[in-house]
Amino acid sequence: MTTIDRRQFIVGAAAAGAATTLLPAAARAQGVDFSGRTVEWTIPFAEGGGSDVWARFFAPFLSRHLPGNPNVIVRNVPGGGSITGTNEFVARARPDGLALLGTSGSTQFPFLLGDPRVRYDYARLQPVLVSPTGGVVYLPARFGVEDASQLGQLQGTELVYASQGATSLDLVPMLAFLVMGLDVRYVFGMRGRGEGRLAFERGEATVDYQTSSAYLTQVMPLVEAGEAVPMFSWGVLDAQGNVQRDPTFPDLPHFVEAYEMMHGSRPSGVEFDAYMAFFGSGFAAQKPAMLPEGTPENIVQTYRQAFADAVADPELQAAKEDVLGDYEQAVLDDVEPLYRVATSIDPDAREWVRTFLRETHQVEL
């Protein structure tokens, strides 16, 4: 069991929990009512992508559980790797409860890395929901590596990973493989993880990861056919900031367990700190929904309660499998501590990653 900023996480959870216990009732008492209004949910990605599907799945349930049942529409503002739409939101959105923003790991990563194009500061936004996701790393069966305890057999062997780019979500496996001590060569230019999987199937890539849904639908047939072997999942974070096994893959070790199986000790150091920051942002707390800076506290708490009620809605629970999977949604007092994990990084770890990207992959930030 591994802890990320445990003291801050627990203190934050306690404070948020106390506030959440008191404020929803206060919000109702102050008469928050969106009757006849329209909530615009900005998604800085094109239609049809994962974040768009996520927001459109939640939208009718949010409408149902907000006071006054406002119309909730999703507005897509793609461009700049999601930076464009997010910059626009923070510059223009009014703090009146009618503007909502949903981002993803690929929006958080430029912020964590100090990308000069970024004009948004997650610390100034008001989180009301955080949605996690997961992923699984796998190898060709022909390597003869049966589980993570045998990964040491690959030391000295060059692996090939088909990547979307060094600052994409592929930064998480890139850091994970580095921490593990695996020798991996990266081939960039993939337009999605689907292309990476196809490269694996053709034998051009020799290590890959897929998100949970893609792994279940596209990779499990390879496993069942004896062509691929799962090594580990990324894992999830519980409310105390501890890394736990992915509920979708309870029989697989998470990354930290896999490292211990391979090396016989726990990972540590600035490289591991960097990995944990981007793992949290890219998977364990991948998709936050936020209100603008300055939104009144009673409106913030009304939204948090509405999302909690939406998540508990039997209709959402019956339909969630294809979009949310088995992952527990962070609502109410769990929102702020998990959000901080997704949107903060130790300055030393940030500088180490920037140097690593510059010296290893010629990425200038």
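This text follows the structure it describes.
Quick caveat, the model's predicted, so the values are computed rather than measured.

Draft legend 1. Spatial organisation of the pairing of strand β7 (residues 158-163). By the criterion of burial, β7 is predominantly enclosed, with 5 of the 6 residues buried. As defined by bridge partners, β7 adjoins strand β8 (residues 183-188) across 6 bridges and the pair is classed as parallel. Within β8, the position partnered with Leu 159 by the bridge is Val 184. For the segment spanning β7, helix α5 (residues 171-180) and β8, crossover handedness is right-handed.

Draft legend 2. Just the packing of helix α2 (residues 50-65) against helix α10 (residues 297-312), in detail. Their axes nearest at 8 Å, the elements α2 and α10 cross at an angle of 115°. Of the two elements, α2 crosses α10, and the hand of that crossing is right-handed. Residue-level inspection shows Phe 58, Phe 61, Leu 62 and His 65 of α2 in contact with α10, the latter providing Tyr 303, Ala 306, Phe 307, Asp 309, Ala 310 and Val 311. In the contact of α2 with α10, the residues fall into 8 nonpolar, 1 polar and 1 charged.

Draft legend 3. Molecular detail of the pattern of salt bridges. Under the counting rule described, the total for this entry stands at 18 salt bridges. Between Arg 193 and Asp 170 there is a salt bridge whose closest N-O contact spans 3.3 Å. Of this pair, Arg 193 sits in helix α6 (residues 193-201) while Asp 170 sits in the loop between β7 and α5, and the two are 23 residues apart along the sequence. Relative accessible area serves as the criterion here: at 9%, Arg 193 is assigned to the buried category. According to the relative accessible area criterion, Asp 170 is buried, its value standing at 0%. As a salt-bridge pair, Glu 257 and Arg 245 come within 2.9 Å of each other at their nearest N and O atoms. Of this pair, Glu 257 sits in helix α8 (residues 255-263) while Arg 245 sits in the loop between β12 (242-244) and α8, and the two are 12 residues apart along the sequence. Judged by its relative accessible area of 22%, Glu 257 is partly exposed.

Draft legend 4. Fine view of the packing of aromatic side chains. The final tally for this structure, using the stated rule, is 28 aromatic pairs. Relative to Phe 307, the ring of Trp 41 lies with its centre 6.0 Å away and its plane at 75°, an arrangement referred to as edge-to-face. In this pair, Trp 41 is assigned in strand β2 (residues 38-43) and Phe 307 in helix α10, connecting sequence segments 266 residues apart. You can call Trp 41 buried: its relative accessible area is 0%. With relative accessibility at 0%, the residue Phe 307 sits in the buried group. Between Phe 58 and Phe 307, the ring centres sit 5.8 Å apart and the planes meet at 80°, which makes this aromatic pair edge-to-face. Of this pair, Phe 58 sits in helix α2 while Phe 307 sits in helix α10, and the two are 249 residues apart along the sequence. What links up through ring pairs into an aromatic cluster is the set Tyr 209, Phe 232, Trp 234, Phe 255, Phe 272, Tyr 275, Phe 279 and Phe 283.

Draft legend 5. Expanded view of the sheet that holds strand β10 (residues 228-233). The 3 strands lie next to each other as β9-β6-β10, forming an open sheet whose pairing is antiparallel. Edge positions in the open sheet fall to β9 (208-211) and β10, since each of these has one partner strand only. If you compare each strand with its neighbour and ignore which way they point, the axes differ by 35° on average.

Draft legend 6. Local environment of helix α3 (residues 83-92). Taken residue by residue, α3 has Ile 83, Gly 85, Thr 86, Asn 87 and Phe 89 as its buried positions. Each element contacted by the buried residues of α3 is listed here: β2, β4 (99-102), α4 (105-113) and β13 (287-291).

Draft legend 7. Expanded view of the packing of α5 against α8. Two numbers describe how α5 lies on α8: the axes approach to 10 Å, and their chain directions differ by 25°. Comparing their axes, α8 and α5 come out roughly parallel. Of the two elements, α5 crosses α8, and the hand of that crossing is right-handed. Two secondary-structure elements touch here, α5 through Ala 176, Val 179 and Met 180 and α8 through Phe 255, Ala 258, Tyr 259, Met 262 and His 263. Of the residues contributing to the contact of α5 with α8, the split by class is 7 nonpolar, 1 polar and no charged.

Rules used in this analysis
- Throughout, residues of each chain are indexed from 1 in the direction in which the sequence is written.
- Local features are withheld for residues below a pLDDT of 70 in this predicted model, meaning they are given only at 70 or higher, and side-chain atom pairs are given and counted only at 80 or more; totals for whole chains, interfaces and linings count all residues.
- To get the side-chain values, all heavy atoms of the structure are used, and hydrogens and water are removed first.
- Exposure classes here rest on a 1.4 Å probe applied to the protein chains alone. A residue is buried below 20% of its type maximum, exposed above 50%, and partly exposed in between.
- Only DSSP runs of H or I with at least four residues qualify as helices, and only runs of E with at least two residues qualify as strands; both kinds are numbered from the N terminus onward.
- By this definition, two strands are paired if DSSP reports at least two bridges between them.
- Crossovers are marked right-handed if the path from the first strand over the helix to the second runs clockwise, as seen with the strands pointing away from the viewer.
- Fitted lines through C-alpha atoms give the axes, limited to the stretch in contact for helices. The angle between two N-to-C directions lies from 0 to 180 degrees.
- Here is the rule for handedness: rotate from the far helix to the near one, and if that takes an anticlockwise turn smaller than a right angle the crossing is left-handed, while a clockwise turn gives right-handed.
- For this analysis, residues touch if any pair of their heavy atoms sits within 4.5 Å.
- Put simply, Ala, Val, Leu, Ile, Met, Phe, Trp, Tyr, Cys and Pro go in the nonpolar bin, Asp, Glu, Lys and Arg in the charged bin, and everything else, Gly too, in the polar bin.
- Think of a salt bridge as a Lys or Arg side-chain nitrogen and an Asp or Glu carboxyl oxygen that are within 4 Å of each other.
- Here is the rule: rings of Phe, Tyr and Trp (six-membered ring for Trp) pair when centre to centre is within 6.5 Å. Planes less than 30 degrees apart are stacked, more than 60 are edge-to-face, and the remainder are tilted.
- Small angles under 35 degrees read as roughly parallel and large ones over 145 as roughly antiparallel, with 65 to 115 read as roughly perpendicular and the rest as oblique.

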